[in-house]
Amino acid sequence: MDLMTEMKDFLIERENTSYEVIIGLEVHAQVTSNSKLFSSSSTKFGAEPNTQVSLVDAAFPGMLPVINEYCIKQAIKTGIGLNAKINKKSVFDRKNYFYADLPQGYQISQYKYPIVGEGKVILDMPNGQKEVGIERLHLEQDAGKSIHDIDPNNTLVDLNRSGVALMEIVSKPDLRSPDEVNVYIKKLRSIMRYLGTCDGNMQEGSLRADVNVSVRKVGATEFGTRCEIKNVNSIKFMQMAIIHEANRQIDLIENGKSIDQETRLFDTKKNETRSMRSKEDAHDYRYFPDPDLLPLEVSDKFIDNIRSEIPELPDEKKKRFIEKFKLTPYEATILVSDIETSKYFEEVIKEADVKLSTNWITGELFAVLNDKNLDISQSPISAKNLSKLINLIKDGTISGKIAKTVFEEMIDGDKDPQKIIDTKGLKQQSDPKAIEELINKVIKNNAEKVTEYKSGKDKLFGFFVGQAMKESKGKGNPQLINKILKEKLNG
Amino acid sequence: MSSITELSLNEIVSNIKSKKFSSTEVTKAFIERSEKSKKLNAYVTENFSSAIDCAKKFDEKPNYELKLPGIPIAVKDLFCTNGIKTTAGSKILNNFIPAYESTVTQNIWQQGGILLGKLNCDEFAMGSSNETSFFGNVHNPIGENLVPGGSSGGSSAALAANLTPVTIGTDTGGSIRQPASFTGTVGLKPTYGSCSRYGIVAFASSLDQAGPMTKNVKDCAILLEVISSFDKKDSTSIDFKRNNYSSELTNNIKGKKIGIPKEYRVDGMPQEIENLWKKGIEFIKDCGAEIIDISLPHTNYALPTYYIVAPAEASSNLARYDGVKYGFRSAGENLIDMYEKTRSEGFGEEVKRRIMIGTYVLSSGYYDAYYLKAQKVRQLIKKDFDDAYKIVDAILTPSTPSSAFKIGEKSDDPVSMYLNDIFTVPVNLAGLPGISIPAGLDKNGYPLGLQIIGKPFDEQTILNIAYSMEEKINFKNNISDWWI
Amino acid sequence: MTIDLKTVKHISKLSRISVDDEKANKLAGDLNSIFSFIEKLNELNTENVEPLTSIAETTLRFREDEIKSENIREKILKNSPENNEDFFVVPKVVE
Ligand SMILES: [Mg+2]
Ligand SMILES: [Zn+2]
């Protein structure tokens, strides 16, 4: 990989000017919990509309919020994972606005005093590490869902999501390119999955982000006016939205126009962002402390208990993999990026060679998973069987090439590699006598070619290897074939 | 013997327990009188036939262990009642039938109480005269065209007119104590966190408290005992040891120190009220308690503080009435139009006014100047009481700066209406318990009340003081049944 | 300070309550008299005072993470002014 080209900053070039893009993210991560933040209805995805809605979630008169302890723990756990300050006292506020899928007419959120303060996340970029600051993490309620495409005349409202706990993780404006955004989101997701605080499933909406974008001329120190692109639910769309929005802002600057600070929407079909609200209708959320809830206070002991439950996180694990298993940083990054992958890897190398295991997991296995669009937890080949296969290569029972054939067989029903080798007779031929016999036959049958070879046509060596391999039905030990062939032809 | 409806709760309970009355007899008596009293407009919803069914059921299998054995009770229409329309006095909830029960009413039914009906109140409890109700004025049984106070005006009227043996109200700024004072009855606002707010249509969450409204102090203690409970469904409910208020009730208040705050002598307060207060002080002395002059220096700032805090919370609490999930909806061209029409037509003028005040004081640029400022002053007001309670056990003040006024008299001037709550509001801001007891009549024969304010969670002391004063005052209400 | 018509219109917009000009004028008058009464608070210096947000002097009580409510869709939708058995229904929203 040419590091020099990778190291180039992401800049948008216009005639005489280069522009830098400044990006900050407000990631909404759904807290993994059984029940909602302030009510005891289920958070399960995919239920029939309005079947997971309690009187509290639908904001019936006289209904009151009661907080879920587990959601508090999850937020603190995530805060610890983000190397952030945990605030022992925080406050829930009401964010007031009217919307069809906001039954209370306000969202319970945290405004002035969030549960988690400043922290940081390390990104592994091709050109080295980059630190991204975390501004804060706070707990808040999710809204319901407005459905516009079932009834042609009306909007339908499903409140199943209403009241589900979200962690809003606000980054500092430290991101500079769509690539960094990609790595940042994946890193956040990885940390939360290690912690078990958010499943990170973007298809199910467990992870969405508001993207704040501004641009400035290279060399400028002040930030430009930013626009917020609301609720983007895939990394690809975030990247598209950023590029589009940055270019839109640059166009305005180039044409001598000013940028309005506003909220925009990314239209995935037209690949453009557009303004969501006119200025007159500017939002005034009238935040104030929710009088139905008291201040949230947690003790040192409460936090310490959570701290003691924190597993090894990706950064530490990566360090360990490099030191203990002598992996390259690149290999380690890939293997720790997802907790399930790292678990799989550690399971395989319990009994098998590290180097071969690394290659087989990041090579053949990832290809299969990619192809079948599977998570490693759904891998058709168990860690146990993969480690068996690797041992069979290592001890010379089969060649790497045969191993690929065996691997293909294993995919279907997680078969034991030894059994495949036995039933198909794929065991490698490593008996020197047998190989010599087989090479003698090849030499005898190709006398003309032997003469040519001996007269200096070196290239023909490969031909003899191929013939010998063919004669062994592919099972001949390649090293042995090479060795004996050389002795015979050159001797 | 006087008729059933004139008896106190305590007397009716004894008579039921001694099987002198059946629940059915009692229930029918109150229904009969309620039927004859429609002119008062105390009820929004009557539950008479099912009340009789419940009474019969009780009589078939009576349980005399209960604190309210087969007692029919009408409640303020701010408490959600399962399967029974609950309106909060508003058009916007005119067709709302909850599928759940408030904790406070649930506590009553659990102790054998029977729902007689839902009583009129100011819309969303915003008012001091019951004139803001969508269902019209309530007449004070004391005199025609006289307001019964508010917001629990239907409750005070029904109680004073003997349409229910006891009732419950809610008190955000005086909504139990002021109507009690206007109708010659007893009303207690408990310490914030005593009675669960679960299932009560919210007005201002940091101030709202449910409380008993009764004909005498003993009844008040019984009913408080029933409704005060710790409730996990309300995050502001407080788990403290509750007394057996009625059995611990005593008229022995010897040695208690009672504070008299000088700031409660306000300009323009009628001499009669000043005299009544003096009389109260004498009664307390007669009971062997000690009178101590105290100062609550921020009293004058309580009402302006209240008129920031309460509307701010209300503006947010009432955002849920948007025509989507329940209640009234006015058709609109689009979502926003539907919201604006629904809320414009569904809310009455006073509620809209308060939503607007609340929206304004929370809006960007004004939050610090109004809302934050009010929260700070609220701290000072609370501190006044904290300081006073280092010296005294309770505080005695008038309940209201005037007696009941005429319907329409103050409805054009919001500020003069708000001044009604000048003595009751500080108690809500500080979260304290306060009781109003009838203490005398003015020159028109209208009742006047005295308020006793207690330390947090010390309802027992103010009940005891009220109980001992009640004996001395020997108040007789002057009601002529003019509406029958 | 005075609250003008424009401010009244703005607050009414934020409150999602439509007011016509006549009502807005009346409201402006009411609000001005209420706020001139509220201005009394400016007499007080509150610089070093902690705001009081909650009168209950305890902290937030926690609930366990248990699913306790079952499907009550019918009850939830029963009171809604317009529904189609599965959903709440509002006028078409164009995003
Ligand atoms: Mg945002
Ligand atoms: Zn958010």
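These numbers were taken from a predicted model, which means no experiment stands behind them.

Asker: Which residues make up the overall build of chain C, and what values go with them?
Answerer: Of the regular secondary structure elements, chain C holds 3 helices and 2 strands. Sequence-ordered secondary structure for chain C, helices as α and strands as β, is α-α-β-α-β. A globule of 95 residues ought to have a C-alpha radius of gyration of about 12 Å, yet chain C, at 23 Å, is considerably larger. Residues counted as buried form 44% of the 95 residues belonging to chain C. Long-range pairs, those at least 24 residues apart, make up 22% of the contacts in chain C with a sequence separation of at least 6. Treating the 14 positive side-chain charges of chain C as one cloud and the 19 negative ones as another, the clouds have centres 4 Å apart.

Asker: Lay out the interface of chain A and chain B in plain terms, naming residues and giving numbers.
Answerer: Taken together, the contact between chain A and chain B spans 29 residues of the former and 36 residues of the latter. Overall, the association of chain A and chain B removes approximately 2,800 Å² of surface from exposure, summing both partners, and the carbon and sulfur fraction of that is 59%. Ionic pairing is found between B:Arg197 and A:Asp292, a salt bridge with its closest N-O pair at 3.1 Å. Within the residue set of the side of chain A that touches chain B, elements represented by two or more residues are β5 (93-96) and β16 (288-289) of chain A.

Asker: Please set out the packing of helix α3 (residues 178-195) of chain A against helix α6 (residues 314-325) of chain A residue by residue, giving values where relevant.
Answerer: Residue and element names in this part refer to chain A. Across the interface, α3 lies against α6 with an axial gap of 10 Å and an inter-helix angle of 90°. Compared by their axis directions, α3 and α6 come out roughly perpendicular. Between α3 and α6, the residues in contact are Lys187, Ser190, Ile191 and Tyr194 and Pro314, Asp315 and Lys317, respectively. For the contact of α3 with α6, the class distribution of residues is 3 nonpolar, 1 polar and 3 charged.

Asker: So what's going on with the coordination of the magnesium ion (ligand 1)? Residues and values would help.
Answerer: All names here are of chain A. Summarising the metal site, the magnesium ion (ligand 1) is bound by the protein donors Glu26 (OE), Asp210 (OD) and Glu228 (OE), whose distances to it range over 2.0 to 2.4 Å. The sequence motif formed by the donor residues of the magnesium ion (ligand 1) is E-x183-D-x17-E. Judged by relative accessible area, Glu26 falls into the buried class, the value being 14%. Note on Asp210: relative accessible area 3%, which makes it buried.

Asker: Run through the sheet that holds strand β10 (residues 154-158) of chain A, naming residues and quoting values.
Answerer: Read across the open sheet, the 3 strands follow the order β9(A)-β10(A)-β2(C); overall the sheet is antiparallel. Edge positions in the open sheet fall to β9 (145-147) of chain A together with β2 (88-91) of chain C, since each of these has one partner strand only. If you compare each strand with its neighbour and ignore which way they point, the axes differ by 35° on average. Where β9(A) lies against β10(A), 3 bridges are found, and the strand directions are antiparallel. Across the sheet, residue A:Ile147 finds its bridge partner in β10(A), namely A:Leu156.

Asker: Tell me about the interface of chain C and chain B, residues and numbers included.
Answerer: At the junction of the two partners, chain C supplies 53 residues and chain B supplies 67 residues. At the junction of chain C and chain B, the tally comes to 5 salt bridges. Between C:Glu82 and B:Arg329 there is a salt bridge, and its shortest N-O distance comes to 3.5 Å. At the surface where chain C touches chain B, the tally comes to 21 residue pairs in polar contact (both at pLDDT 80 or more). Every element with two or more residues in the side of chain C that touches chain B is listed here: α1 (5-14), α2 (21-38), α3 (73-78) and β2 of chain C. In terms of residue count, α2(C) provides more of the side of chain C that touches chain B than any other element does, 10 residues in total.

Asker: Outline the coordination of the zinc ion (ligand 2), supporting the account with residue identities and numerical values.
Answerer: Residues and elements named next belong to chain A. Every protein donor of the zinc ion (ligand 2) is listed here as His28 (NE2), Glu140 (OE) and Glu168 (OE), and their distances to the metal cover 1.9 to 2.1 Å. All donors of the zinc ion (ligand 2) belong to a single chain; written as a sequence motif, their spacing is H-x111-E-x27-E. Taken as an interatomic distance, the gap from the zinc ion (ligand 2) to the magnesium ion (ligand 1) is 5.3 Å. You can see Glu140 sitting in strand β8 (residues 128-141) and its partner Glu168 sitting in strand β11 (residues 165-171), a full 28 residues away along the chain. Residue classification places Glu140 among the buried residues on the basis of a relative accessible area of 3%.

Asker: Kindly report on the environment of C:Lys40, identifying the contributing residues and their values.
Answerer: Structurally, the position occupied by C:Lys40 is in the loop between α2 and β1 (62-63). Judged by its relative accessible area of 28%, C:Lys40 falls in the partly exposed class. What C:Lys40 contacts, discounting residues up to four positions off in sequence, is B:Asn300, B:Tyr301 and B:Pro304.

Asker: Kindly report on the pattern of salt bridges, identifying the contributing residues and their values.
Answerer: Side-chain pairing between opposite charges can occur once the charged atoms of the two side chains come close. Taken as a whole and judged by the stated rule, the model has 67 salt bridges over all chains. Note that A:Lys172 and A:Glu118 form a salt bridge whose closest N and O atoms lie 2.6 Å from each other. Placement of the pair is A:Lys172 in the loop between β11 and α3 and A:Glu118 in the loop between β6 (106-109) and β7 (119-125), with a sequence separation of 54 residues. The partly exposed category is assigned to A:Glu118, whose relative accessible area is 47%. Here B:Lys383 ties to B:Asp387 by a salt bridge, and the two come within 3.1 Å at their closest N and O atoms. Placement of the pair is B:Lys383 and B:Asp387 together in helix α12 (residues 367-388), with a separation of 4 residues, close to one helical turn. In this structure B:Lys383 comes out as partly exposed when scored by relative accessible area, which is 47%. Residue classification places B:Asp387 among the partly exposed residues on the basis of a relative accessible area of 30%.

Asker: Lay out helix α9 (residues 302-317) of chain B with the relevant residues and their values.
Answerer: Taking 1.5 Å as the rise per residue, α9(B) with 16 residues should run 22 Å; its terminal C-alpha atoms sit 22 Å apart, in good agreement. In terms of residue burial, α9(B) counts as a mostly covered element, since 16 of its 16 residues are buried.

Asker: Account for the packing of aromatic side chains, with residues named and values stated.
Answerer: Inspection of the entire model under this criterion finds 39 aromatic pairs over all chains. A centroid spacing of 5.1 Å and a plane angle of 50° characterise the contact between A:Phe321 and A:Phe345, whose relative ring orientation is tilted. With A:Phe321 in helix α6 and A:Phe345 in helix α8 (residues 339-348), the pair connects residues that are 24 residues apart, well separated along the chain. Exposure remark for A:Phe321: the relative accessible area of 0% places this residue in the buried category. Judged by centre distance (6.4 Å) and plane angle (75°), the rings of B:Phe58 and B:Tyr64 are edge-to-face. Since its relative accessible area comes to 25%, B:Tyr64 is described here as partly exposed. Put simply, the rings of A:Phe60, B:Phe96, B:Tyr100, B:Phe124, B:Tyr321, B:Tyr326 and B:Phe347 pair up and form one aromatic cluster. Taking the ring centre of A:Phe463 as reference, the NZ or CZ of A:Lys449 above it sits at 4.9 Å. Positioned over the ring face of B:Phe405 is B:Lys410, at 4.6 Å from the centre of the ring.

Asker: Could you give me a rundown of the pairing of strand β5 (residues 186-189) of chain B, with the residues and numbers involved?
Answerer: Residues and elements named next belong to chain B. Burial of the side chains of β5 extends over both faces: Val186 and Leu188 are buried on one face and Gly187 and Lys189 on the other. Note: β5 against strand β6 (residues 209-214), 2 bridges, orientation antiparallel. What sits directly across from Gly187, in β6, is Met213. Taken together, the 3 bridges between β5 and strand β10 (residues 434-441) define a ladder with antiparallel strand orientation. Following the sheet pairing, Lys189 is matched in β10 by Gly434.

Asker: A description of the packing of helix α14 (residues 447-454) of chain A against helix α15 (residues 461-471) of chain A should follow, citing residues and the corresponding values.
Answerer: Two quantities define a packed helix pair, namely the angle between the axes and the distance from one axis to the other. Viewed as axis vectors pointing N to C, α14(A) and α15(A) meet at an angle of 145°, and their least axial separation amounts to 10 Å. Together, A:Lys449, A:Val450 and A:Tyr453 of α14(A) and A:Phe461, A:Phe463 and A:Phe464 of α15(A) make up the contact between the two elements.

Conventions adopted
- Residues numbered from 1 in each chain as written.
- Chains lettered and ligands numbered in written order.
- Predicted model: local features only at pLDDT ≥ 70, side-chain atom pairs only at ≥ 80, totals over all residues.
- Heavy atoms only, no water.
- Helix = DSSP H or I, 4+ residues; strand = E, 2+ residues; numbered from the N terminus.
- Rg over C-alpha atoms; globule rule 2.2 N^0.38 Å.
- Buried < 20%, exposed > 50% of the residue type's maximum accessible area, 1.4 Å probe, protein only.
- Contact = heavy atoms within 4.5 Å.
- Lys, Arg positive; Asp, Glu negative; His and termini not counted.
- Charge placed at Lys NZ, Arg CZ, Asp CG, Glu CD.
- Buried area = accessible area lost by both parts, 1.4 Å probe.
- Salt bridge = Lys/Arg side-chain N within 4 Å of Asp/Glu carboxyl O.
- Axes fitted to C-alpha atoms, helices over the stretch in contact; angles between N-to-C directions.
- Parallel < 35°, antiparallel > 145°, perpendicular 65-115°, else oblique.
- Nonpolar A, V, L, I, M, F, W, Y, C, P; charged D, E, K, R; others polar.
- Donors = N, O, S within 2.8 Å, 3.2 Å for Na, K, Ca; no water.
- Pairing = 2+ DSSP bridges.
- Polar contact = N/O pair within 3.5 Å; in protein donor to acceptor, adjacent residues only side chain to side chain.
- Expected span 1.5 Å × (residues − 1).
- Phe/Tyr/Trp six-rings, centres within 6.5 Å; stacked < 30°, edge-to-face > 60°.
- Lys NZ or Arg CZ within 6 Å of the ring centre and 35° of its normal.

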